[in-house]
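Read off the chains here:
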Amino acid sequence: MNASQRMNYVPGIAASLCVAVSLFGGSPVSAQTANAECGTDLPLSGTIDFNGQTVSNQVGARWGQGVLKLNDGQQLPFSAIGVKPLESGVRVGEIEGEVYGLTDPLSFVGQYTGVAGGIVPVQSDGDIVLANSSCVVIVARHKSTGVTLSAPVGQKVRIQYR
């Protein structure tokens with residue numbers, strides 16, 4: 001077997017490892033554990049509703065639009081774009097969740113990081129936890145249609161108001 005033939009096996013091996021890690025590794029996360037530097041028991045600030053898509057071939061591109069609904073009744077439309085390495089597939093989905101630790105609506109804007117992974121079959125539900133440098137934490141659930149294979153590695157999402 002020459003070097004070119006051996007390289008053809010690498011994507012399959014990587015995918016198998018991603019499946020194994022996502023099925024057997026990982027631990028539950030919450031607003032209290034998403035960003036240890038922010039402390040615990042962050043106050044509930046509001047909710048989000050979001051619709052988005054993911055298209056990926058080893059690196060996932062994500063984008064969509066949503067609404068942040070604050071506890072005081074304000075509704076602020078936002079958009080998000082992001083990337084996630086070690087992901088392949090296509091899916092569309094809806095995300096609903098809670099926002100914690102928001103002391104100022106401007107703190108919602110910025111870059112979020114989090115870890116998620118696994119296999120998303122044709123239709124599925126799952127959890128997402130993201131935190132930004134202002135100690136704003138999003139704990140959400142997604143309902144997706146499509147198929148993706150994703151390693152449990154960090155993802156980055158940038159949120160801005162529309």
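The structure reproduced in this document is the subject of the present report. In this text, all values refer to a predicted model and were calculated from it rather than measured experimentally.

With that settled, consider the overall build of the chain. Assigned secondary structure in the chain consists of one helix and five strands. Going residue by residue from the N terminus, the α and β elements of the chain occur as α-β-β-β-β-β. With 162 residues in all, the chain has 38% of them scored as buried. Across the chain, contacts joining residues at least 24 apart in sequence account for 71% of those joining residues at least 6 apart. Looking at the chain as shown, the accessible area adds up to about 9200 Å², and 58% of this sits on carbon and sulfur atoms.

Right, let's get into the side chain of serine 107. Its location among the elements puts serine 107 in the loop between strand E2 (75-100) and strand E3 (110-120). Setting aside anything within four residues of it in sequence, one finds serine 107 in contact with Leu102, Tyr112, Asn132, Ser134 and Val136.

Turning our attention to a nonpolar patch on the surface. A contiguous nonpolar patch, built from Val55, Trp63, Ile81 and Val90 and spanning about 370 Å² of accessible area, is present on the exposed surface. For the nonpolar patch, the secondary-structure elements that each account for two or more residues are strand E1 (44-70) and E2. If you trace the backbone, tryptophan 63 turns up in strand E1.

A few words on unusual backbone geometry. Positive phi, close to 80°, is recorded for glutamine 58, a residue that is not glycine. Here glutamine 58 lies in strand E1. Phi at cysteine 135 is positive, roughly 65°, even though this residue is not glycine. Note that cysteine 135 resides in the loop between strand E4 (123-132) and strand E5 (137-161). For cysteine 135, a relative accessible area of 24% puts it in the partly exposed group.

Throughout the structure, instances matching the rule amount to three salt bridges. Close ionic contact of glutamate 87 with arginine 62 constitutes a salt bridge, the shortest N to O distance being 2.6 Å. Taken together, the residues glutamate 87 in strand E2 and arginine 62 in strand E1 connect sequence positions 25 residues apart. Arginine 62 carries the same exposure label as glutamate 87, and that label is buried. For the salt bridge of glutamate 98 with arginine 141, the shortest nitrogen-to-oxygen distance reads 2.8 Å. Here glutamate 98, found in strand E2, pairs with arginine 141, found in strand E5; they are 43 residues apart in sequence, far enough to count as distant.

Now for the environment of tyrosine 112. Tracing the chain through its elements places tyrosine 112 in strand E3. The spatial distance from the C-alpha of tyrosine 112 to the C-alpha of arginine 158 is 6.2 Å, given a sequence separation of 46 residues. At 2.8 Å, the side chain of tyrosine 112 forms a polar contact with the backbone oxygen of phenylalanine 108. Looking at tyrosine 112, its side chain comes within polar contact range of the side chain of asparagine 132, at 3.3 Å.

What counts and how
Residues numbered from 1 in each chain as written. Predicted model: local features only at pLDDT ≥ 70, side-chain atom pairs only at ≥ 80, totals over all residues. Heavy atoms only, no water. Helix = DSSP H or I, 4+ residues; strand = E, 2+ residues; numbered from the N terminus. Buried < 20%, exposed > 50% of the residue type's maximum accessible area, 1.4 Å probe, protein only. Contact = heavy atoms within 4.5 Å. Areas by Shrake-Rupley, 256 points an atom, 1.4 Å probe, with all protein chains shown as cover. Patch = residues over 30% accessible without salt bridge, like charges linked within 9 Å, V, L, I, M, F, W, Y side chains within 5 Å. Salt bridge = Lys/Arg side-chain N within 4 Å of Asp/Glu carboxyl O. Polar contact = N/O pair within 3.5 Å; in protein donor to acceptor, adjacent residues only side chain to side chain.

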